[in-house]
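Residues per chain, in single letters:
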Amino acid sequence: MTASTVLQLAPIGPLADGLLRDELQAVRLWEQAEGWLATHGASVGLLATSVRWGCDAAMLAALPNLRAVSSWGVGYDTLDVAAAHARGIQVANTPDVLDDCVADLAWGLLIAAARRIPAADRYVSAGSWKVLGEFPLATRVSGKRLGILGLGRIGSAIARRGEGFSMQVRYHGRGPKDVPYGFEPSLEALAAWSDFLVVACGGGTETRHLVSAPVLTALGPRGILVNIGRGSVVDQDALIAALDEGRLGGAGLDVLQGEPGAPDALRNRDNVVITPHVGSATIETREAMERLVVDNLHAMLRDGRVLTPVLP
Ligand code: 8YV
């Protein structure tokens, strides 16, 4: 008999939680007594989780008849995708629906860091405008050079916006793509060319600390780093050192190593703008992401295939 229970590992959001309960009668693991997995694990066919919560090898091992994992979030660095695929378990994430919001935030951070909008706001709030007069000059945005690390769906949405700012765009990634932007095989060379370097790739071992001390030095004292991908991609100690030593112009960061929270060394700097991992955090996009988690499970039940699979 096919295992038919839908198991939800942790709360996802009000919409998804309600739909999972009402449409799929999902069992909420966090509401079950300890030992539920050991007793009922074999009955679970479908799993709902999120990139925040993840799904590791131990969880997969506890679910011997699992057929699909549907996860909230485009990132899947907290999911053991390789172990799932090795057992023929489909894994779905929630791509596409968040591209525009994450790209919008990348541009918000880029402009905020370059034009020092938060610092200027603090200047006015503190009454300095009246007392000290003019705010110090900042960095021009339009017409500059935009480098993108990871030209996937989100990176491409960031690149398209760059055209509206009359920017030249180049990118670095696993390999060249059929796009109207130049591919740069060396990230350090891309950083040296760029005025703004935007990290738009995923996390995991493959991308860990790609943005290293030499890359930051190459970006230079007037260069600005933006990260809306994952904190792990940037060597954060090297970033702090580059800012301290004036080797880097500034940064706009939505993701950090060791989040939630930001180290003191990055907080309250006029040339650093930090948001608390809110790339996809709009009402509209979060609703679409939550719906997609549920739609992927419905598709699995109906057609035996999730809608938005993470490919091997
Ligand atoms: C979320 C994300 O904002 O989808 C992802 O992978 O990182 C974002 O959509 C994030 O997970 C919030 O915790």
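Per chain, residues are indexed from 1 in the order of the written sequence. Under the rules for a predicted model, residues below a pLDDT of 70 receive no local features and side-chain atom pairs below 80 are neither given nor counted, while totals for whole chains, interfaces and linings still include all residues. As a convention, hydrogens and water are excluded, and side-chain values are obtained from all of the structure's heavy atoms.

Q: Tell me about the environment of Gly-231, and name the residues and values.
A: Helix and strand definitions here come from DSSP, where helices need a minimum of 4 consecutive H or I residues and strands a minimum of 2 consecutive E residues; each element is numbered from the N-terminal end. Turning to its location among the elements, Gly-231 is positioned in the loop between strand S10 (224-227) and helix H11 (236-244). Sequence separation of Gly-231 and Gly-203 is 28 residues, and the distance between their C-alpha atoms is 7.7 Å. Any two residues whose heavy atoms approach within 4.5 Å are treated as being in contact. Discounting residues that sit within four places of it in the chain, Gly-231 has contacts with Val-255, Leu-256 and Gln-257.

Q: Go over the nonpolar core with me, naming the residues and quoting the values.
A: Only buried residues count toward a nonpolar core. Its members are Ala, Val, Leu, Ile, Met, Phe, Trp, Tyr and Cys residues joined through side-chain atoms within 4.5 Å. Burial here depends on accessible area, computed with a 1.4 Å probe over protein chains only, as a share of the maximum for the residue type. Under 20% is buried, over 50% is exposed, and the range in between is partly exposed. In this structure, Leu-146, Ile-148, Ile-158 and Ile-228 are the most contacted members of the largest nonpolar core, which totals 49 residues. Here this core takes 10 residues from helix H5 (residues 99-115), the largest share from any one element. Domain delimitation in this document rests on an assignment produced automatically or drawn from a domain database. Residue contributions to this core reach at least three from each of two domains, namely domain 1 (5-95 + 284-303) and domain 2 (99-274). In this view, Ile-228 contacts Val-102, Leu-105, Ala-106, Leu-109, Ile-154, Ile-158, Val-198, Val-199, Ala-200, Asp-254 and Val-255; residues no more than four positions away in its chain are not counted. The next biggest cluster of nonpolar side chains, apart from the first, holds 26 residues, and it includes Leu-219, Val-234, Leu-256 and Val-272.

Q: Got a sec to walk through the packing of H5 against helix H8 (residues 153-164)? Specific residues and values, please.
A: For helices, the fitted axis covers only the stretch in contact; all axes are lines through C-alpha atoms, and the angles between them, taken along N-to-C directions, range from 0 to 180 degrees. Their axes nearest at 8 Å, the elements H5 and H8 cross at an angle of 55 degrees. Viewed along their axes, H5 and H8 adopt a mutual orientation that is oblique. Helix-helix and strand crossings are classified by hand; for H5 and H8 the assignment is right-handed. Residue-level contacts link Asp-99, Asp-100, Val-102, Ala-103, Asp-104, Ala-106 and Trp-107 of H5 to Arg-153, Ile-154, Ala-157, Ile-158, Arg-161 and Gly-162 of H8. Residues are grouped as follows: nonpolar covers Ala, Val, Leu, Ile, Met, Phe, Trp, Tyr, Cys and Pro; charged covers Asp, Glu, Lys and Arg; every other residue, Gly included, is treated as polar. When its residues are assigned to classes, the contact of H5 with H8 shows 7 nonpolar, 1 polar and 5 charged. Angles below 35 degrees are treated as roughly parallel, those above 145 as roughly antiparallel, those between 65 and 115 as roughly perpendicular, and all remaining angles as oblique. Whether a crossing is left-handed or right-handed is set by the direction in which the near helix is turned from the far one by less than a right angle, anticlockwise for left-handed and clockwise for right-handed.

Q: I'd like a description of empty space enclosed by the protein, backed by residues and values.
A: As defined here, a cavity is a set of points on a 1 Å grid over the protein atoms alone where a 1.4 Å probe fits but cannot get out. A pocket is an open set with protein on both sides within 12 Å along at least five of seven lines, and residues line them when an atom is within 4 Å of a point. Grid points are joined across faces, edges and corners, and a volume is the space filled by probe spheres set on the points. If you walk through the whole model with that rule in mind, you get 1 cavity of 30 Å³ or more. Each pocket or cavity is described by its volume, and for the largest cavity that value is around 30 Å³. Lining the largest cavity are Cys-55, Leu-60, Val-69, Leu-79, Asp-80, Val-81, Ala-84 and Val-91. The class makeup of the residues in the lining of the largest cavity is 7 nonpolar, no polar and 1 charged.

Q: Can you explain the pattern of salt bridges? Please cite residues and give values.
A: Side chains bearing opposite charge may pair, as long as their charged atoms lie close to each other. Should a side-chain nitrogen of Lys or Arg be within 4 Å of a carboxyl oxygen of Asp or Glu, the pair is scored as a salt bridge. Across all of its chains, the model carries 12 salt bridges by this definition. Of the charged contacts in the structure, one is a salt bridge between Asp-22 and Arg-21, with a shortest N-O distance of 2.9 Å. Of the charged contacts in the structure, one is a salt bridge between Arg-269 and Asp-244, with a shortest N-O distance of 2.5 Å. Linking Arg-269 in the loop between strand S11 (250-253) and strand S12 (272-274) with Asp-244 in helix H11, this pair joins segments that are 25 residues apart in sequence. What makes Asp-244 exposed here is its relative accessible area of 55%.

Q: I'd like a rundown of the pairing of strand S3 (residues 44-50), residues and numbers included.
A: In terms of burial, S3 is a largely internal element, 7 of the 7 residues being buried. At least two DSSP bridges between two strands are required for those strands to pair. Note: strand S1 (residues 5-8) against S3, 4 bridges, orientation parallel. Across the sheet, Val-6 pairs through a bridge with Leu-46, a residue of S3. With 5 bridges joining them, S3 and strand S4 (residues 68-72) adopt parallel strand pairing. Bridge pairing in S4 links Thr-49 to Ser-71.

Q: Describe the UniProt feature "domain: D-isomer specific 2-hydroxyacid dehydrogenase catalytic" (unreviewed entry) in the chain, and please don't skip the residues or the numbers.
A: UniProt annotation of "domain: D-isomer specific 2-hydroxyacid dehydrogenase catalytic" (unreviewed entry) refers to residues 46-310 when read in the numbering used here. Each end of residues 46-310 is marked by a C-alpha atom, and these two atoms are 16 Å apart; helix forms 37% of the span and strand 15%. UniProt positions are given in the numbering used here, feature names are shortened, and annotations may be inferred rather than shown by experiment.

Q: Talk me through the site of the ligand; I want residue IDs and the actual numbers.
A: The local shell around the ligand consists of Val-51, Arg-52, Trp-72, Gly-73, Val-74, Gly-75, Leu-98, Arg-230, His-277, Ser-280, Arg-286 and Met-289. Here Arg-52 contributes a side-chain N or O atom positioned 2.9 Å from an oxygen atom of the ligand. We call two N or O atoms a polar contact when they sit within 3.5 Å, provided that within protein one can donate a hydrogen and the other can accept it, with sequence-adjacent residues counted only if both atoms are side-chain atoms. Take His-277: an N or O atom from its side chain is 2.7 Å from an oxygen atom of the ligand. The method behind every accessible area is Shrake-Rupley, applied with a 1.4 Å probe, and residues are considered shielded solely by the protein chains displayed. Protein chains bury 91% of the 330 Å² of accessible surface belonging to the ligand in isolation. We call a residue near a molecule or strand as soon as one heavy atom of that residue lies within 4 Å of the molecule or strand.

Q: Explain the domain arrangement of the chain to me, and be specific about the residues and the numbers.
A: Along its sequence, the chain is organised into domain 1 (5-95 + 284-303) and domain 2 (99-274). The C-alpha-based centres of domain 1 and domain 2 are spaced at 33 Å. Listed by partner, the interface residues are 6 residues for domain 1 and 6 residues for domain 2. Across the domain 1 to domain 2 interface the summed buried area is about 420 Å²; carbon plus sulfur atoms make up 57%. Joining two parts hides part of their accessible area as seen by a 1.4 Å probe, and the buried area is that hidden amount summed over both. It is Asp-77, Pro-95 and Thr-285 that lose the most area in domain 1 upon contact with domain 2, and together they represent 74% of the buried surface on that side.

Q: So what about the sheet that holds S1? Which residues, and what values?
A: One open sheet holds the 5 strands; their spatial order is S2-S1-S3-S4-S5, and the pairing between them is parallel. In this open sheet, the two edge strands, each paired with only one partner strand, are strand S2 (27-28) and strand S5 (90-92). Looking at chain direction, S4 and S5 are connected through 3 bridges and run parallel. If you follow Ser-70 over to S5, its bridge partner there is Ala-92.

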